[in-house]
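# Coordinate inspection notes
Chain residues, written in single-letter form:
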Amino acid sequence: MAFEHKSVLLEETVNGLNIKPDGIYVDGTLGGGGHAWEVCSRLNDKGSFIGIDQDAAAIEAASARLCDFGERVTIVRSNYCDMKSQLQKLGIGKVDGIVLDLGVSSYQLDTAERGFSYRVDVPLDMRMDRRQSMTARDIVNDYSEMDLFRIIRDYGEDKFAKNIAKHIVLERAKGSIETTGQLTEIIRQSIPMKFQKNAGHPAKRTFQAIRIELNRELEVLRDSLDTMIELLNPGGRICIITFHSLEDRIVKSIFKRNENPCTCPSDFPVCVCGNVSKGRVITRKPILPSEEELENNSRSKSAKLRIFERC
Ligand SMILES: C[S@@+](CC[C@H](N)C(=O)[O-])C[C@H]1O[C@@H](n2cnc3c(N)ncnc32)[C@H](O)[C@@H]1O
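Residues numbered from 1 in each chain as written. Predicted model: local features only at pLDDT ≥ 70, side-chain atom pairs only at ≥ 80, totals over all residues. Heavy atoms only, no water.

### Observations regarding the side chain of Thr-180
- For Thr-180, the position within the fold is in helix H9 (residues 180-190).
- Given a relative accessible area of 0%, Thr-180 falls into the buried group.
- With residues near it in sequence (within four places) discarded, Thr-180 still touches Gly-115, Ser-117, Val-120, Asp-121, Val-122, Pro-123, Leu-124 and Phe-207. (Helix = DSSP H or I, 4+ residues; strand = E, 2+ residues; numbered from the N terminus. Buried < 20%, exposed > 50% of the residue type's maximum accessible area, 1.4 Å probe, protein only. Contact = heavy atoms within 4.5 Å.)

Have a look at this one:
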């Protein structure tokens with residue numbers, strides 16, 4: 001199957017990086033290499049690009065797509081939370097720009113056997129990194145009802161989270177839940193019919209929640225951003241595309257704290273905490289896809305781009 005993925009907010013992100021042709025740029029979510037290709041095409045022979053992804057299929061697709069850029073490009077299979085140590089291995093201390101385009105690619109969603117989609121009946125999987133042993137099956141069969149409720153409510157923002165968790169636990173008592181089809185059917189039975197009509201596919205939110213939990217998507221983001229900002233040279237920028245409010249909230253608040261890290265009470269006449277600003281938020285409001293992009297790429301619907309510049 002060909003690696004199909006339409007890059008979201010492509011021009012806005014690449015323009016947002018303010019690329020120096022001889023700079024060092026990193027993409028922590030390489031995917032099919034769509035953003036990467038645009039970045040690489042703006043570099044000269046002195047510039048370099050490091051692409052990171054934890055998914056073997058993305059590494060293969062991006063390696064093929066970027067091969068014309070030769071030695072300018074280095075591709076690493078890793079989690080972006082290890083960006084600093086991966087760069088150190090390459091002898092790189094600081095960089096001029098970082099891109100994160102979060103979540104899963106269309107290729108991952110559309111490849112049936114990866115188990116991300118509720119549209120086909122396959123074994124429950126949802127791992128972005130298939131070297132990891134835990135899968136969605138383990139979450140569905142082993143998490144307590146309370147934990148299932150918590151993740152479906154918090155990461156899926158599903159108002160029927162409690163009922164869905166209850167039904168999962170009732171069903172698995174009869175025999176383990178092995179496939180996306182079984183899980184989808186349980187979710188259907190947990191949501192009143194009148195709410196299933198206009199609210200998109202009933203399994204969408206629960207599948208998103210399990211995927212976020214399994215791949216530790218929010219934790220990894222929260223734990224990586226300060227280090228990424230530290231990795232930037234003065235004037236260097238980080239551009240982050242998020243796809244739901246939980247991710248966007250994390251990016252917004254960490255950018256804000258890095259712009260103004262002062263912890264002194266507001267009535268102190270001068271700052272005594274000694275925390276120094278790391279730079280400035282370029283996007284007071286997030287950049288959203290244009291009407292044209294929204295029409296041509298349904299995946300862009302919830303996308304938001306935020307940019308921070310290091311001082
Ligand atoms: C939305 S796609 C990126 C698409 C890419 N920007 C393009 O234009 O082709 C997200 C990619 O990030 C990868 N990914 C998500 N979280 C990651 C993480 N914590 N570490 C490394 N890769 C990650 C996924 O495997 C997926 O390939």
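### Re the pairing of strand S7 (residues 304-310)
- Most of S7 sits out of view: 6 of its 7 residues are buried.
- Summarising the sheet, strand S5 (residues 232-242) and S7 pair through 6 bridges and their orientation is antiparallel. Looking at the pairing, Ile-240 lines up with Arg-306 of S7.
- Examined bridge by bridge, strand S6 (residues 279-281) and S7 share 3 bridges and lie antiparallel to one another. (Pairing = 2+ DSSP bridges.)

### Things to note about unusual backbone geometry
- Although it is not a glycine, Leu-9 adopts a positive phi angle of roughly 50 degrees.
- Checked against the element boundaries, Leu-9 lands in the segment before helix H1 (10-16).
- The backbone of Met-126 sits at a positive phi, close to 70 degrees, despite the residue not being glycine.
- Here Met-126 is to be found in the loop between helix H5 (106-110) and helix H6 (136-142).

### A look at the site of the ligand
- Neighbouring the ligand are 26 residues, the closest being Ser-7, His-35, Asp-53, Tyr-80 and Asp-101.
- Asn-79 places a polar side-chain atom, nitrogen or oxygen, 3.0 Å from a nitrogen atom of the ligand.
- Between the ligand and Gln-108 there is a distance of 2.9 Å, counted from an oxygen atom to a side-chain nitrogen or oxygen.
- With the chains in place, 98% of the 600 Å² that the ligand exposes on its own is no longer accessible.
- Among the residues making up the shell around the ligand, the classes are represented as 7 nonpolar, 15 polar and 4 charged. (Near = heavy atom within 4 Å. Polar contact = N/O pair within 3.5 Å; in protein donor to acceptor, adjacent residues only side chain to side chain. Areas by Shrake-Rupley, 256 points an atom, 1.4 Å probe, with all protein chains shown as cover. Nonpolar A, V, L, I, M, F, W, Y, C, P; charged D, E, K, R; others polar.)

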